[in-house]
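# Structural overview
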Amino acid sequence: MTTAFLDITGAGKRFGAATVLDGVDLSVGKAEFISLLGPSGCGKTTLLRIVAGLMPPDTGKVVLDGDEITRKPPHRRDVGVVFQNYALFPHLTVAENVAFGLKARRAPAAAIAPTVARFLDLVQMGAFADRSVRALSGGQQQRVAVARALAVGPKLLLLDEPFSALDRKLREAMQIDLRRILREVGTTAIFVTHDQDEALTMSDRIAVMHRGGIEQLGTPAEIYHRPATPFALDFVGLSSRLPGKVASEDSGIVHVDTGAGAIRAPGNFISGSAVVLGVRPERIAVGTEGENRIDATLRDVVFQGARVQLHFVAPEGGRLLVEAHEVPPGVAPGVTLPLSWKLADTLLYPATPEGYAA
Amino acid sequence: MSTTRRLDPVLLLALPATLYIAIVYGLPLLFLMGRSLFGTGGLDSFVGFFADPFSWTVLANTLRSAALVTLVCLVIGYPTALVLARAGGFAQAAILVAIILPLSVGVVVKAFAWQIVLRRDGIVSQAMTGLGLWSEPQRLLFTEAGLVIGAANIFVPFMILPIYAVLKLVDPRLGEAAATLGASPIYRFLKVALPLSLPGIVTGVAFVFSMAASMYVIPSLVIGDRFQTLATLTGRSFLFMRNEQLGSTTAVVLLALTVAVVIASASLSRRLGGAQ
């Protein structure tokens, strides 16, 4: 990704007194799949609409393939969009929907039918070409919307929560299908979602968005294992958090006093600063193998099929979540057990004035 | 799966309206039609009507003025409906009030207002000569142009409202989707908004055409006796000429005409919207 295919710099948008997008920078490489992940109101859809040309930014610049498109109208951008509700043309058939963009761009008539057929086959909707789009199920409409957006060969494809209306099984199948289709076509894509699983499954990189800015940009593994901020830790995956105060710092290892005991973590903090410790639930084990240890009382056991969640309460009200494959023998709510995890799995953040909650 | 059909009790709710229409509209209409057919000698009255060249002038007047009024309403009304559908909040409410409120002013009052506006030294004439578009002041009052302007003014809400009602239901994302597919604003309008609003256009055209074809007060006040339409001729026949035979004949012709327009427009909309 030495040369960015899409380069967004300083994109800002305000609605009245509310800053929806606060000077966002984002570079996307060619054929890359990037997710904008965040809760509703974080600015991800606004950013998408700015890139599509459906909304002008107040500040900033959008450059696509070396061409500044900030002020270009949407129909001259070569940016395709798959909308959340699919936005298929109800008065046209499946094939006519896919042909719409080709006709609007005055593609040679002889080329339209083969292109439409090719993209309908790509999304496995070839058999439905002459159906009315109103007769299709949600998943089928979704496939047609993808075929319609890709048929014109856009430089960039934007997807605005395209799976949110589908049930879980279908959604998971569509995620894998969409990834395969985009790889086949080689399209660069930005995917907007509030579903962390979706983002982790599909993306080359994820941009975690919060309050109009990007909190962290990285691969799914980086985002999950090394969340850069308490918000990223909180929004992506489950975690246990313990507030504490730095007691001492020694060559990159910080000693933190928590209500539940002394914990060590990698980091650089001045003694006395308030911090938040975080640990992923599958990194905590019942036992004493890890460098960090805490005694906690089991309060709840939640069976989840392949895994069980153990909810612990530490002294001074700290709460710890442990994920295991099975409930250890002889363990029931009420017992106090030693919990431990590795030094390297301990995440450390400065405590922010408003706390660390999402 | 039962083959016996039971009347849905909810249908009874339509009973008052059905009775009302049957008594105050259906019965008189039947009398009228009966009189036109069986008054003197079967279809003689119709044969006589269509043999008279004056009748053809009246028919042409009716169709031409109604078509022009409908056209003016469509040309003015469609963009208004488009703006109304896209506007939000206060602007939308303000436009709606501006469209609907004038309906509460009686036609007679409006007709006298037009007499001021459309006469030789009226605002329109002064403006046109002032702008140099007309070489000398002209009188629009007592002309067909004046009639079309006046009638369109009254009927335009009946064009705007059905089109607006349909356009409002069109998902704005469709236009955005078309734009991201590379469609220019004009292409988007022609291929998305216009076909999707056709049912509204057809309803509006049917409303305005049938009202314009049967208007009586407006031509009487704006033009007078020199310009006869089926409606004014029907009125004259009953009120002044005491010729019930002629009046019922012209009334039935007018009825057939407007019913034909409504049926034709309905089938047209079904055909145009066939893919929907």
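Residues numbered from 1 in each chain as written. Chains lettered and ligands numbered in written order. Predicted model: local features only at pLDDT ≥ 70, side-chain atom pairs only at ≥ 80, totals over all residues. Heavy atoms only, no water.

## Let's talk about the environment of L200 of chain A
All names here are of chain A.
- Summarising the element assignment, L200 is placed in helix α6 (residues 196-202).
- Using a relative accessible area of 25% as the deciding quantity, one classes L200 as partly exposed.
- Sequence separation between L200 and N268 is 68 residues; the distance between their C-alpha atoms is 29 Å.
- Once residues within four sequence positions are removed from consideration, L200 is found in contact with I206, P220, Y224 and V236. (Helix = DSSP H or I, 4+ residues; strand = E, 2+ residues; numbered from the N terminus. Buried < 20%, exposed > 50% of the residue type's maximum accessible area, 1.4 Å probe, protein only. Contact = heavy atoms within 4.5 Å.)

## What to know about the interface of chain A and chain B
- Across the boundary between the two partners, chain A contributes 23 residues, which contact 21 residues of chain B.
- Interface of chain A and chain B: buried area, both sides summed, is about 2,000 Å²; carbon and sulfur atoms make up 66% of it.
- For the chain A face of the interface with chain B, the top three residues by lost area are H75, H91 and F100 of chain A, together amounting to 32%.
- For the interface between chain A and chain B, the tally reads 1 salt bridge.
- Across the pair E176 of chain B and R49 of chain A runs a salt bridge whose closest N-O atoms are separated by 2.6 Å.
- Here chain A is connected to chain B by 5 residue pairs in polar contact (both at pLDDT 80 or more).
- For the side of chain A that touches chain B, the secondary structure elements donating two or more residues are β6 (79-82), α2 (94-104) and α4 (138-151) of chain A.
- It is α2 of chain A that contributes the most residues to the side of chain A that touches chain B, 4 residues altogether.
- Here the side of chain A that touches chain B is built from residues that sort into 13 nonpolar, 5 polar and 5 charged. (Buried area = accessible area lost by both parts, 1.4 Å probe. Salt bridge = Lys/Arg side-chain N within 4 Å of Asp/Glu carboxyl O. Polar contact = N/O pair within 3.5 Å; in protein donor to acceptor, adjacent residues only side chain to side chain. Nonpolar A, V, L, I, M, F, W, Y, C, P; charged D, E, K, R; others polar.)

## Points about empty space enclosed by the protein
Residue and element names in this part refer to chain A.
- Applying the stated criterion across every chain, the model contains 2 cavities of 30 Å³ or more.
- Roughly 40 Å³ of internal volume is contained in the largest cavity.
- For the largest cavity, the full set of lining residues is V123, Q142, R143, V146, F163, M174, D177, L178 and I181.
- Going through the elements one at a time, α4 and α5 (168-185) are the ones with two or more residues in the lining of the largest cavity.
- With 4 residues, α5 is the largest single contributor of residues to the lining of the largest cavity.
- Partitioned by chemical class, the residues of the lining of the largest cavity number 6 nonpolar, 1 polar and 2 charged. (1 Å grid on protein atoms, 1.4 Å probe; cavity = no way out; pocket = protein on both sides within 12 Å on 5 of 7 lines; lining within 4 Å. Points joined across faces, edges and corners; volume = space filled by probe spheres on them.)

## Re the packing of α2 of chain A against helix α9 (residues 185-213) of chain B
- At a minimum axis distance of 12 Å, the contact between α2 of chain A and α9 of chain B shows a crossing angle of 155°. When the axis of α2 of chain A is compared with that of α9 of chain B, the two are roughly antiparallel. Seen from above, α2 of chain A lies across α9 of chain B with right-handed handedness. Of the residues in α9 of chain B, those in contact with F100, K103 and A104 of chain A of α2 of chain A are Y187, K191 and V192 of chain B.
- Class assignment of the residues belonging to the contact of α2 of chain A with α9 of chain B gives a composition of 4 nonpolar, no polar and 2 charged. (Axes fitted to C-alpha atoms, helices over the stretch in contact; angles between N-to-C directions. Parallel < 35°, antiparallel > 145°, perpendicular 65-115°, else oblique. Left-handed = near helix turned anticlockwise from the far one by under 90°.)

## Thoughts on the pattern of salt bridges
- What the rule picks out here adds up to 19 salt bridges over all chains.
- Its salt-bridge partner being D65 of chain A, residue K155 of chain A comes within 3.9 Å of it at the nearest N-O pair. Separated by 90 residues along the polypeptide, K155 of chain A in the loop between α4 and β7 (156-160) and D65 of chain A in the loop between β4 (59-64) and β5 (67-68) bring together distant segments of the chain.
- In this structure K155 of chain A comes out as partly exposed when scored by relative accessible area, which is 28%.
- Salt-bridge contacts for R241 of chain A lead to D234 of chain A; the nearest nitrogen and oxygen are separated by 2.2 Å.
- Judged by its relative accessible area of 23%, R241 of chain A is partly exposed.
- Take D234 of chain A: its relative accessible area is 22%, and that puts it in the partly exposed class.
- Overlapping salt bridges, with partners in common, bring together R49 of chain A together with R173 and E176 of chain B in one network.

## A few points about the sheet that holds strand β1 (residues 6-15) of chain A
All names here are of chain A.
- Strand order across the open sheet formed by 4 strands is β2-β1-β4-β5, with antiparallel pairing between neighbours. Here the strands that pair on one side only, and so sit at the sheet edges, are β2 (18-28) and β5.
- Where helix α1 (residues 44-52) meets the sheet, it contacts β1, β2 and β4, and its direction lies at approximately 120° from that of β1. (Pairing = 2+ DSSP bridges.)

## Brief notes about α1 of chain A
All names here are of chain A.
- Counting buried residues in α1 gives 8 out of 9 residues, a clear majority hidden from the surface.
- What α1 keeps buried is the set K44, T46, L47, L48, R49, I50, V51 and A52.
- G53 occupies a position one or two residues after α1 and carries a positive phi of about 85°.

## Here we look at the nonpolar core
Residues and elements named next belong to chain B.
- Counting residues in hydrophobic clusters, the biggest one holds 48 residues, and the most contacted among them are V69, C73, F155, I218 and L230.
- Among the secondary structure elements, those contributing two or more residues to this core are α2 (44-51), α3 (53-86), α5 (107-118), α7 (144-169), α9, α10 (217-222), α11 (230-239) and α12 (244-272).
- Top contributing element to this core by residue count: α7, with 12 residues.
- Excluding residues that lie within four positions of it along the chain, V69 makes contacts with V148, A151, A152, F155, V208, A212 and M215. (Core = buried A, V, L, I, M, F, W, Y, C linked by side-chain atoms within 4.5 Å.)

## Focus on the sheet that holds strand β3 (residues 33-37) of chain A
Residue and element names in this part refer to chain A.
- The 6 strands lie next to each other as β6-β7-β8-β3-β9-β10, forming an open sheet whose pairing is mixed. The strands lining the two open edges of the sheet, one partner per strand, are β6 and β10 (213-218). Shown here is a sheet whose adjacent strand axes are inclined to one another by a mean of 20°, direction ignored.
- In the sheet, strand β9 (residues 205-210) pairs with β10 via 5 bridges, with the strands oriented antiparallel. Within the sheet, the bridge partner assigned to H210 lies in β10 and is G213.
- Each of β3, β6, β7, β8 (188-193) and β9 is contacted by α1, which is oriented at about 150° to β7, the strand it contacts most.

## A closer look at the side chain of R148 of chain A
- Structurally, R148 of chain A is set in helix α4.
- Buried charge without a salt bridge: R148 of chain A, with D171 of chain B as the nearest opposite-charge side chain at an N-O distance of 8.8 Å.
- Engagement of the side chain of R148 of chain A in a polar contact is seen with the backbone oxygen of A87 of chain A, the distance being 2.9 Å.
- With sequence-adjacent residues up to four places away left out, R148 of chain A is seen in contact with Y86, A87, L88, F89, N97 and V98 of chain A together with A177 and L181 of chain B. (Lys, Arg positive; Asp, Glu negative; His and termini not counted.)

## Quick word on the domain arrangement of chain A
Residues and elements named next belong to chain A.
- The assigned domain composition of chain A is domain 1 (6-233) and domain 2 (239-350).
- On a C-alpha basis, the centres of domain 1 and domain 2 stand 39 Å from each other.
- For the pair domain 1 and domain 2, the summed buried surface comes to about 860 Å²; carbon and sulfur atoms form 52% of the total.
- Taken as a group, Y224, R226 and L233 account for 65% of the area that domain 1 buries against domain 2, more than any other trio of residues on that side.
- Across the contact surface, domain 1 and domain 2 share 0 salt bridges.
- Scanning the region where domain 1 abuts domain 2 turns up 6 residue pairs in polar contact (both at pLDDT 80 or more).
- For the side of domain 1 that touches domain 2, the secondary structure elements donating two or more residues are α7 (220-225) and α8 (230-235). (Domains from an automatic or database assignment.)

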